[in-house]
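Read off the chains here:
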Amino acid sequence: MLTKFETKSNRVKGLSFHSKRPWILASLHSGVIQLWDYRMGTLIDRFDEHDGPVRGVHFHKSQPLFVSGGDDYKIKVWNYKMHRCLFTLLGHLDYIRTVQFHHEYPWIVSASDDQTIRIWNWQSRTCISVLTGHNHYVMCAVFHPKEDLVVSASLDQTVRVWDIGALRKKSVSPADDILRLSQMNTDLFGGVDAIVKYVLEGHDRGVNWASFHPTLPLIVSGADDRQLKLWRMNDTKAWEVDTLRGHMNNVSCVMFHSRQDIIVSNSEDKSIRVWDVTKRTGIQTFRREHDRFWILASHPEMNLLAAGHDSGMIVFKLERERPAFSVSGDSMYYVKDRFLRLYEFSTQKETQVIPIRRPGSTSLNQGPRTLSYSPTENAILVCSDVDGGSHELYIVPKDSVGRGDSMLEAKRGVGGSAIFVSRNRFAVLDKSNNQVLVKNLKNEIVKKNVLPIAADAIFYAGTGNLLCRSEDRVVIFDLQQRLVLGDLQTPFVKYVVWSNDMESVALLSKHAIIIASKKLVHRCTLHETIRVKSGAWDDNGVFIYTTLNHIKYCLPNGDNGIIRTLDVPIYITKVVGNTIYCLDRDGKNRVIAIDATEYIFKLSLLKKQYDQVMNMIRSSQLCGQAMIAYLQQKGFPEVALHFVKDEKTRFNLALESGNIQIAVAAANEINEKDYWYRLGVEALRQGNAGIVEYAYQKTKNFERLSFLYLINGNMDKLSKMLKIAEVQNDLMGQFHNALYLGDIQERVKILENAGQLPLAYVTASVHGIQDVAERLASKLGEKTPSLPAGKVPSLLLPPTPIQCGGDWPLLRVMRGIFEGGLDSVGRGLQEEVEEEGAADADWGEDLNITDVDGLQNGDVEIVEDGEVNEGNEEGGWDLEDLELPPELDTPKASVNARTSVFVTPTPGMPVSQIWTQKSSLAGEHVAAGNFDTAMRLLTRQLGIKNFAPLKPMFLDLHNGSHSYLRAFSSTPVIPLALERGWSESSSPNVRGPPALVFKFSELDEKLKAGYKATTSGKFSEALRIFLNILQTIPLIVVESRSEVDDVHGLIVLAKEYVLGLQLEIKRRETGDDVVRQQELAAYFTHCNLQKPHLRLALLNAMSVCYKARNFNTAANFARRVLETSPPENQAKTARQVLQASERNLVDEKQLNYDFRNPFVICGATFVPIYRGQKDVACPYCSSRFVPAQEGKLCTICDLAVVGADASGLLCSPSQKR
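Residues numbered from 1 in each chain as written. Predicted model: local features only at pLDDT ≥ 70, side-chain atom pairs only at ≥ 80, totals over all residues. Heavy atoms only, no water.

The protein is annotated in an unreviewed UniProt entry as Coatomer subunit alpha from Coptis chinensis. Of the protein, the UniProt comment under Subunit (unreviewed entry) reads exactly: "Oligomeric complex that consists of at least the alpha, beta, beta', gamma, delta, epsilon and zeta subunits." (UniProt positions renumbered as here; feature names shortened; annotations may be inferred.)

Colleague: I keep staring at the packing of helix 9 (residues 673-686) against helix 10 (residues 689-699) and nothing clicks. Help me out?
Modeller: Pairs of packed helices are described in terms of their axes, by the angle between the two and the distance that separates them. In the contact formed by helix 9 and helix 10, the axes pass within 8 Å of each other and the chain directions differ by 155 degrees. Judged by the inter-axis angle, helix 9 sits roughly antiparallel to helix 10. Classified by chirality, the crossing of helix 10 by helix 9 is left-handed. Along the contact surface, helix 9 presents K673, W676, Y677, L679, G680, A683 and L684, while helix 10 presents I691, V692, Y694, A695, Y696, K698 and T699. Partitioned by chemical class, the residues of the contact of helix 9 with helix 10 number ten nonpolar, two polar and two charged. (Axes fitted to C-alpha atoms, helices over the stretch in contact; angles between N-to-C directions. Helix = DSSP H or I, 4+ residues; strand = E, 2+ residues; numbered from the N terminus. Parallel < 35°, antiparallel > 145°, perpendicular 65-115°, else oblique. Left-handed = near helix turned anticlockwise from the far one by under 90°. Contact = heavy atoms within 4.5 Å. Nonpolar A, V, L, I, M, F, W, Y, C, P; charged D, E, K, R; others polar.)

Colleague: Looking at this structure, how should I read the side chain of S110?
Modeller: Within the secondary structure, S110 sits in strand 11 (residues 107-112). For S110, the side chain forms a polar contact with the side chain of W120, separated by 2.9 Å. Excluding residues that lie within four positions of it along the chain, S110 makes contacts with I75, H92, I96, T98, V99, T116, I117, R118 and W120. (Polar contact = N/O pair within 3.5 Å; in protein donor to acceptor, adjacent residues only side chain to side chain.)

Colleague: In this structure, what is going on with the UniProt feature "repeat: WD" (unreviewed entry) in the protein? I would like to understand it.
Modeller: UniProt's feature table lists "repeat: WD" (unreviewed entry) at residues 47-88, 89-130, 131-164, 200-241 and 244-285, given in the numbering used throughout. Secondary structure within residues 131-164 divides into 0% helix and 59% strand; the distance between the first and last C-alpha atoms comes to 10 Å.

Colleague: I'm lost on empty space enclosed by the protein in this one. Help?
Modeller: If you roll a probe as big as a water molecule over the atoms, it shows you where there is empty space left. Enumeration according to the criterion identifies two cavities of 30 Å³ or more in this entry. Forming the boundary of the largest cavity are K4, Y38, R39, M302, N303, L304, K317, E321, R531, L548, P569 and R585. Among the residues making up the lining of the largest cavity, the classes are represented as five nonpolar, one polar and six charged. (1 Å grid on protein atoms, 1.4 Å probe; cavity = no way out; pocket = protein on both sides within 12 Å on 5 of 7 lines; lining within 4 Å. Points joined across faces, edges and corners; volume = space filled by probe spheres on them.)

Colleague: Got a minute to help me understand the packing of helix 23 (residues 1041-1069) against helix 24 (residues 1074-1084) in this structure?
Modeller: Relative orientation of the contacting elements helix 23 and helix 24 amounts to 160 degrees, with a least axis distance of 9 Å. One element, helix 23, and the other, helix 24, form an angle in the roughly antiparallel class. The element helix 23 and its partner helix 24 pack so that their crossing is left-handed. Together, G1060, L1061, L1063, E1064, K1066 and R1067 of helix 23 and Q1077, L1080, A1081, Y1083 and F1084 of helix 24 make up the contact between the two elements. Taken together, the residues of the contact of helix 23 with helix 24 break down into six nonpolar, two polar and three charged.

Colleague: Explanation requested: the sheet that holds strand 55 (residues 589-593) in the structure shown.
Modeller: Backbone hydrogen bonds hold the strands of a sheet together, and the pairing may be parallel or antiparallel. Reading across the sheet, the three strands line up as 53-54-55 and stay open at both edges, with antiparallel pairing between neighbours. The sheet is open, and its two edges are formed by strand 53 (570-576) and strand 55, each paired on a single side. Adjacent strand axes in the sheet meet at a mean angle of 30 degrees when their direction is disregarded. Two strands pair when backbone bridges link them, and strand 53 and strand 54 (residues 579-584) are joined in this way by six bridges, in the antiparallel orientation. (Pairing = 2+ DSSP bridges.)

Colleague: Help me understand the pattern of salt bridges in this model?
Modeller: Any two side chains of opposite charge can pair, on the condition that their charged atoms come close. In total, this model carries 37 salt bridges according to the counting rule given. Among the salt bridges present, the one from E1148 reaches R1109, with a minimum N-O distance of 3.5 Å. With E1148 in the loop between helix 27 (1128-1141) and strand 58 (1159-1161) and R1109 in the loop between helix 25 (1091-1107) and helix 26 (1111-1123), the pair connects residues that are 39 residues apart, well separated along the chain. Linking R1184 and D1175 is a salt bridge whose minimum nitrogen-to-oxygen distance equals 2.7 Å. R1184 sits in the partly exposed class, given a relative accessible area of 36%. One network of salt bridges, in which partners are shared, links E6, K8, R288 and D291. (Salt bridge = Lys/Arg side-chain N within 4 Å of Asp/Glu carboxyl O. Buried < 20%, exposed > 50% of the residue type's maximum accessible area, 1.4 Å probe, protein only.)

Colleague: Honestly, the sheet that holds strand 23 (residues 262-267) in this entry has me stumped. Any pointers?
Modeller: The strand order across the open sheet built from four strands is 22-23-24-25, with neighbouring strands paired in antiparallel fashion. Strand pairing shows two members of the sheet lacking a second neighbour, strand 22 (251-256) and strand 25 (281-287), which therefore form its edges. Within this sheet the neighbouring strands show an average axis-to-axis angle of 20 degrees, counted without direction. One ladder, built from five bridges, connects strand 23 with strand 24 (residues 271-276); its direction is antiparallel. Bridging from a neighbouring strand, S265 pairs with R273 of strand 24.

Colleague: How should I be thinking about the environment of A1054 in this particular structure?
Modeller: Within the fold, A1054 resides in helix 23. Remark: the alpha-carbon pair of A1054 and L1027, spanning 27 residues in sequence, is separated by 7.3 Å. Sequence-distant contacts of A1054, that is, excluding residues within four places in its chain, are made with F1026, I1029 and L1030.

Colleague: Before we go on, may I ask you to explain helix 11 (residues 702-712) in this structure?
Modeller: An α-helix turns once per 3.6 residues; consequently, residues spaced three or four apart project the same way. Considered for burial, the residues of helix 11 that qualify are L705, S706, L708, Y709, L710 and N712. Taken together, the buried residues of helix 11 touch helix 9, helix 10, helix 12 (715-727) and helix 13 (731-741).

Colleague: Got a minute to help me understand the confidence of the model for the protein in this structure?
Modeller: Segments scoring low in pLDDT should not have their predicted coordinates read at a detailed level. Model confidence for the protein is summarised by a mean pLDDT of 82, while 85% of its residues fall at 70 or above. With pLDDT under 50 throughout, residues 850-900 is counted as low confidence; its partners more than four residues away or in other chains account for 56 contacts. (pLDDT = per-residue confidence, 0-100.)

Colleague: Looking at this model, I keep getting lost on the nonpolar core. Mind explaining?
Modeller: The nonpolar side chains of a soluble globular protein tend to be buried with one another. One finds F1026 and Y1180 to be the most contacted residues of the largest nonpolar core, which totals 92 residues. With twelve residues, helix 23 is the single largest residue contributor to this core. The next biggest cluster of nonpolar side chains, apart from the first, holds 59 residues, and it includes V32, F286, M313 and V315. (Core = buried A, V, L, I, M, F, W, Y, C linked by side-chain atoms within 4.5 Å.)

Colleague: Honestly, the packing of aromatic side chains in this entry has me stumped. Any pointers?
Modeller: The geometry of two aromatic rings is summed up by the distance between their centres and the angle between their planes. Tallied over the entire structure, the rule returns 32 aromatic pairs. Relative to Y675, the ring of F651 has its centre 5.1 Å away and its plane inclined at 75 degrees; by these criteria the two rings are edge-to-face. With a gap of 24 residues between them, F651 in helix 7 (residues 647-657) and Y675 in helix 9 connect regions that are remote in the sequence. With a relative accessible area of 11%, Y675 lands in the buried category. Ring centres of F931 and F954 lie 5.3 Å apart, and the angle between their planes is 75 degrees; this geometry places the pair in the edge-to-face category. Here F931, found in helix 19 (residues 931-942), pairs with F954, found in helix 20 (residues 951-960); they are 23 residues apart in sequence, far enough to count as distant. A relative accessible area of 0% places F954 in the buried class. (Phe/Tyr/Trp six-rings, centres within 6.5 Å; stacked < 30°, edge-to-face > 60°.)

Structure, rendered in structure tokens:
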């Protein structure tokens, strides 16, 4: 028995499963009806209107109704959605034992201790038939699942079968007049609606239960004589077939299993027994310690049973339904219907391989539990619980696949946990000695290993390794070295799922998933309230898993979510892209398409692949509160802002991301005081005075507004604020504004008007306004206050603001990593280069292909950028030209000087000297102003000889690493060295490396600009950008080794684009030479470009070759275009060229181009250097050249000498020489 759910309560007398939802009704002896969700294990509702025990309860098949019958003689019909009783059916005169809805008609059948069975119409709420005949309590009455029959059991020791066909005919409107006439006669003169068809006698004591077989003409009954009787019936008679003995007390309930040939019964002897219908013998017994069983229920559609006992109920399955399977590459072996089957994922084809031996015993749960497969030997290990745990080894002949009829002799062994650990070795767990036996394919023991923990199961963990499971932990054990490679505390693990690269493992327990590395280093744990059933890894490293009712995902950082809901549980076997392959409980293969957008989006955020995130935002329908909350939680409010339409949410997100413009727009829409106040606070934090003013005006917050004008020095508006305070009769406001303005006379006037004459007098006197002071003194008379003697008064005036009016941004609000891409869709991205500008860009001309009308390369418009001035003057440079600040002459301290004379301190080592002392990085030497050593380093490391292109960069780098302070006009300027990573907490004696103006992240931006120019066909501009990237890299400094690899990658990328763009520009300059034009176009397609650019180059070459009637070469380019998954219009062009070329696969002109033979292109002569031919390389950009170019300047980077010796690029302190 596999217990799925258990409750503790009063005695359960009635049970009913819902047909669709995971619900069960339990009616208790206390009078309460409970509604449970057995998947979640929660009580959903309780209904307690019955007075006394409720013995019968039943869900309607399709309506939101259930019926109950109790010892209060009442039948109640309830609506569980409305949480109330709809009506009560009265008529029975004693306890009601059972109630049941008819599966088709609006009928309820009820059995009662008043010795009658009643059939009710719940729609008309009337009793439509009373079945009398029993002469003792009727213990149960049940409708036949298909026919017009009712079976009843009574304490009069009989089982009766009733024919209710007449009742059905009566309730259905008759079709013809004769039938209608006969029905009228029946109604007028009386007629019998239900007749007794059979009376089954044979039990010696009262019968407690009887039920029909779902399909066969069989009845099973259980009685107080402790026996079960099996009855068969036909149209005319019914007879006893057999008696099943075994229960030790009264049999309470008995029923046929809906899916298997078994009978399930329970009894007051505290046991549930399972019987074989065909052999009529007991299969298994499940006992409880103290609780008598009273009722059984089976799920109408699933393999679930429930039993009610003295202290609650249990929901259980008799057998596991999980099919045993093993996935290997593109195929899967699994067991179904006693056959080993093979399923191929790519073709979705299923074949029967060999029959699996049936277990000899008749007990339950003896089928295969696990499968292990060795692909090289084509061997299968099948493990089951037969004989307390055993395994069978089958060597499948290659020719038997697909026939499935040859019975193979299996090599059997003891041990229910066995797996392959190598090609021809498998491990078997010997639990009694806590050791693993390693066997060969002849089932002979080769080796024995004692396990480090008391394991109860073993799983595969890579070749030669085992994952051993105990109750509360798992370990990975190396069988060769006998070492523990990893150890992890976990809940009880049921299944283990390895990723395709064996780098990650998911450990599945009943309600948790633990993700760990291959050495069992814990990464994350997920907890599920609903049971976890299966899982598999997808290609992106996301774990896809199923619970009883959901397919869900788990990201590497532990974030999870729902992909879709499930009607029935499934077992995932493989995940490929947006497709999930799985097995259901019937062993059928299913393919489920899923929408992976949400978890790919979150994964891209996690991996910081922001370009992919941007593309997904533009193209997909990602929305919903959950996604917004996720983005907010992960610190991307500016992305969340893109999805939101609700103004209040937009306002909150805009404030969080510092986007003050959107916040203003949202506040205008909301127009509530609280929002304007919060906007003012944020705008003030950013230093945006205009919006602060606007927000304060909206909230009429005059005090804050006045203070804002004061600090901004806006005296005109401050005067207006004084007038506004006057109009509003706000004395305090008037006084503050007068104080801010420094208007003494106004302050005196305000104090006088407010009746504060002494204060007015003091103010006027102190500030020397004598005429007003005298006038006030005359008014005050003797009350004139005396001024303190000997004090010098000072004028109270606000300080003059440093900057008057306008915004003074105190805070720099950083733009997000998405760089405003949410606002303008047309930004170029590194990974996914947009192609929209390519169609109308200067990439090629229209083709006039035979049989094709009006074909164009594209129809997308692009916005042209401004013209770029390409004529950059280049000239040599001299070190003497540097305009450096004059050095300060520092006098030496005299040794014999007298102590009373001021001695200037001894000068320390200049920062620039500190920078260059231990550094081998050219960029840091340039920053320090040591150009000579920087040039020597670049020559030694990269073979650079031409420094002319680097001159402006040297100057920028040096100037950018220093700042200059001018203290007084008479003193010289003080130079200051700027340090990288300086903070206030840094030690003043420790000098950091120089701050460099050239950053690797800026090259990323240039790369995007280069991509965009290439897409738009602006080849000269693109060439300038990529060349600038190549020439900036030698002066770049990065921190980590991973960034060093990125720098090397960028050199190769920029070099490929410079070469390709030079080829294309050269092709355009080659006027009448058609052959050379074709060759250059062809070579361009062999540069390592981004896919969209490669596609454009291929289309270009295809067009040029097709026009020159070189059809064979054009066809090759067309095929390569189609391999790049082009947009439809480009694919159409390529297909048409291919179709037209294949009619005549010949080249009119012979080209120096063989696409079958790998080659590289010489960067100077633009000819192919085929594999095996000699070449020389540039020591910096690694461009290849023909040997004749050795010793000449590299034409790609324009810096290094071809073939020169160099030690390699040094761009990070982490590169130790």
